[in-house]
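One letter stands for each residue in the lines below.
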Amino acid sequence: AFVFSAWAATFGETSVKFLADPCSEATKAMGLAFDAPPLLEALGNPRCKRFVMGLDDGKVVGLNISGEDGKTDEHTFAAAALE
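Draft legend 1. Geometry of the confidence of the model for the protein chain. For the protein chain, mean pLDDT is 87; residues scoring 70 or higher make up 99% of the total. Element-level pLDDT for the protein chain is lowest in helix α1 (residues 2–11), with a mean of 81, against a maximum mean of 93 in strand β4 (residues 59–65).

So this is what it looks like as structure tokens:
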């Protein structure tokens, strides 16, 4: 909720939509769960890999996952996603 509120306060109304996944159901279904043992020991639950997804009328038209296919965190930043 903090990230969603901070985005809205900073950028106002945009075409960017944030979706919550508190039980990691969508994260796991998309194969984006980050569940390395040190992470689980420290935080207790799997987390989501860092990614940005482009959609057009509900269809995935782009997906950048940090650490995969040569993508870095910068490929998931808002500026890159909005290009």
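Draft legend 2. Expanded view of unusual backbone geometry. With a phi close to 55°, Asp-57 is a non-glycine residue in the positive phi region. Within the fold, Asp-57 resides in the loop between β3 (51–56) and β4. Under the relative-accessibility criterion, Asp-57 is labelled exposed at 80%. Of note in this structure, Asp-69 is not a glycine but carries a positive phi near 55°. Relative to the helices and strands, Asp-69 resides in the loop between β4 and α4 (78–81). Under the relative-accessibility criterion, Asp-69 is labelled exposed at 76%.

Reading the values: rules and limits
- Residues numbered from 1 in each chain as written.
- Predicted model: local features only at pLDDT ≥ 70, side-chain atom pairs only at ≥ 80, totals over all residues.
- Heavy atoms only, no water.
- pLDDT = per-residue confidence, 0-100.
- Helix = DSSP H or I, 4+ residues; strand = E, 2+ residues; numbered from the N terminus.
- Buried < 20%, exposed > 50% of the residue type's maximum accessible area, 1.4 Å probe, protein only.

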